[in-house]
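Inside the fold
Read off the chains here:
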Protein chains: 2
Amino acid sequence: MDKALLSGSTAMLLLKLLEEQDMYGYQMIETLARRSDHTFDLKAGTLYPLLHTLEERGDIEAYLEGEGSTRPRRYYRLTAAGRGKLREKEQEWRQYVGAVEQVLRGGECLA
Amino acid sequence: MDKALLSGSTAMLLLKLLEEQDMYGYQMIETLARRSDHTFDLKAGTLYPLLHTLEERGDIEAYLEGEGSTRPRRYYRLTAAGRGKLREKEQEWRQYVGAVEQVLRGGECLA
DNA sequence: CCTATATATGTAGATTATCTATATAGTACA
DNA sequence: TGTACTATATAGATAATCTACATATATAGG
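Here's a quick rundown of the structure. For clarity, every value in this text was computed on a predicted model and none was experimentally measured.

1. Re the protein's contact with DNA strand C
Neighbouring DNA strand C are 23 residues, the closest being A:Thr10, A:Thr46, A:Thr70, B:Tyr26 and B:Arg73. A share of 70% is what sugar and phosphate atoms reach among the atoms of DNA strand C within 4 Å of the protein. Interatomic distance of 2.9 Å between a side-chain N/O atom of B:Tyr24 and a phosphate oxygen of DNA strand C. One nitrogen or oxygen atom from the main chain of B:Arg74 is found 3.3 Å from a phosphate oxygen belonging to DNA strand C. Secondary structure elements with two or more residues in the surface near DNA strand C: helix H3 (44–56) of chain A together with helix H2 (25–35), helix H3 (44–56) and strand E3 (73–78) of chain B. A total of 5 residues in the surface near DNA strand C trace back to one element, the largest contributor, which is H3(B). Along the lines of polarity and charge, the residues of the surface near DNA strand C split into 7 nonpolar, 9 polar and 7 charged.

2. A closer look at the sheet that holds strand E2 (residues 60–65) of chain B
Residues and elements named next belong to chain B. A sheet is described by the order of its strands in space; here 3 strands give the open sequence E1-E3-E2, paired in antiparallel fashion. Of all strands in the sheet, those with a lone pairing partner are strand E1 (23–24) and E2, marking the two edges. Pairing analysis gives 2 bridges linking E1 to E3, with the strands arranged antiparallel. What sits directly across from methionine 23, in E3, is tyrosine 76.

3. Side note on the protein's contact with DNA strand D
Taken together, 22 residues lie around DNA strand D, and A:Arg73, B:Thr10, B:Thr46, B:Thr70 and B:Arg71 are the ones closest in. Sugar and phosphate atoms constitute 71% of the interface atoms of DNA strand D, taking the interface as everything within 4 Å of the protein. A:Tyr26 is positioned with one of its backbone polar atoms (N or O) 2.7 Å from a phosphate oxygen of DNA strand D. A:Tyr48 places a polar side-chain atom, nitrogen or oxygen, 2.7 Å from a phosphate oxygen of DNA strand D. The greatest single-element share of the surface near DNA strand D, amounting to 5 residues, is contributed by H3(A). Here the surface near DNA strand D is built from residues that sort into 6 nonpolar, 9 polar and 7 charged.

4. A short note on the relation of the copies chain B and chain A
The relation between the two copies of this chain is a rotation about an axis and a shift parallel to it. For the pair chain B and chain A, the relating rotation is 180°, the translation along its axis is 0.0 Å, and the fit reaches an RMSD of 0.0 Å. In symmetry terms, the pair is related by a two-fold rotation axis. The position closest to the rotation axis in chain B is occupied by the C-alpha of B:Ser7, lying 3.1 Å away. Interface overlap between copies: 100% of the residues of chain B at the interface are likewise at the interface in chain A, consistent with a symmetric, same-surface contact.

5. Observations concerning unusual backbone geometry
Residue and element names in this part refer to chain A. A positive phi angle, near 50°, is found at aspartate 37, a position not held by glycine. With respect to the helices, strands and loops of the structure, aspartate 37 is situated in the loop between helix H2 (25–35) and H3. The class of aspartate 37 is exposed, set by a relative accessible area of 60%. Although it is not a glycine, histidine 38 adopts a positive phi angle of roughly 65°. Among the structural elements, histidine 38 can be located in the loop between H2 and H3.

Rules used in this analysis
- Residues numbered from 1 in each chain as written.
- Chains lettered and ligands numbered in written order.
- Predicted model: local features only at pLDDT ≥ 70, side-chain atom pairs only at ≥ 80, totals over all residues.
- Heavy atoms only, no water.
- Near = heavy atom within 4 Å.
- Polar contact = N/O pair within 3.5 Å; in protein donor to acceptor, adjacent residues only side chain to side chain.
- Helix = DSSP H or I, 4+ residues; strand = E, 2+ residues; numbered from the N terminus.
- Nonpolar A, V, L, I, M, F, W, Y, C, P; charged D, E, K, R; others polar.
- Pairing = 2+ DSSP bridges.
- Least-squares fit on C-alpha atoms with pLDDT ≥ 70 in both.
- Contact = heavy atoms within 4.5 Å.
- Buried < 20%, exposed > 50% of the residue type's maximum accessible area, 1.4 Å probe, protein only.

Structure follows, in structure tokens:
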């Protein structure tokens, strides 16, 4: 699988996961891998910096769960702004896929 | 339009165009723009280096047309190897799109 | 005639998103 | 005891795009 194809849509996928339920980083990696039949095996070194960027932009918010315990997890929740971003990105995605399909469909519609 | 989404699929689109007919660089930019309703407005600075790379890899071959005239055009043709690459990339593309759709479809199929 | 725009190809440098590798540390199992 | 899995994080490398610049011909309008 060419990793370059993933470029640009990772943030959309993460926001989508968080729209369904709050999650921590490692859980997102697992969920994406499972749901995509391992087409997306996001690396930790890709995910965590991306989460930090999304948090800085105000698209997601972090909170610690199980703070007293030995291993607190850093959960993320989608903000209202993040929900808007998700809608935008979904629309862009549809447009992009449609455009590629139109090229692949080929000469029939050369106009 | 987020340019990052384009990443990785540009080569596939160019190979596809050349499968239909031989083309020169500028013509590919125009054809992609027209056929995608300007979702893909590939820049010259993106296209030409990419064409050179594809040529080095043996996926496409160049030849000059109108060599005597004032402005000869550099046409490209798809090689047998390039045709194979195109089939591979199309398959990867289908898999990638399917995986994204499965994530966007959401919690219904969390398994 | 001159100038701006379109055609046509090309290179250099910046940006961005991914990757790999490394670091740290608790938990589970053999 | 040690190996693998869970969990988060940073640093540096790689790859693909972009913008900006460079060059040159053709065409259309003032």
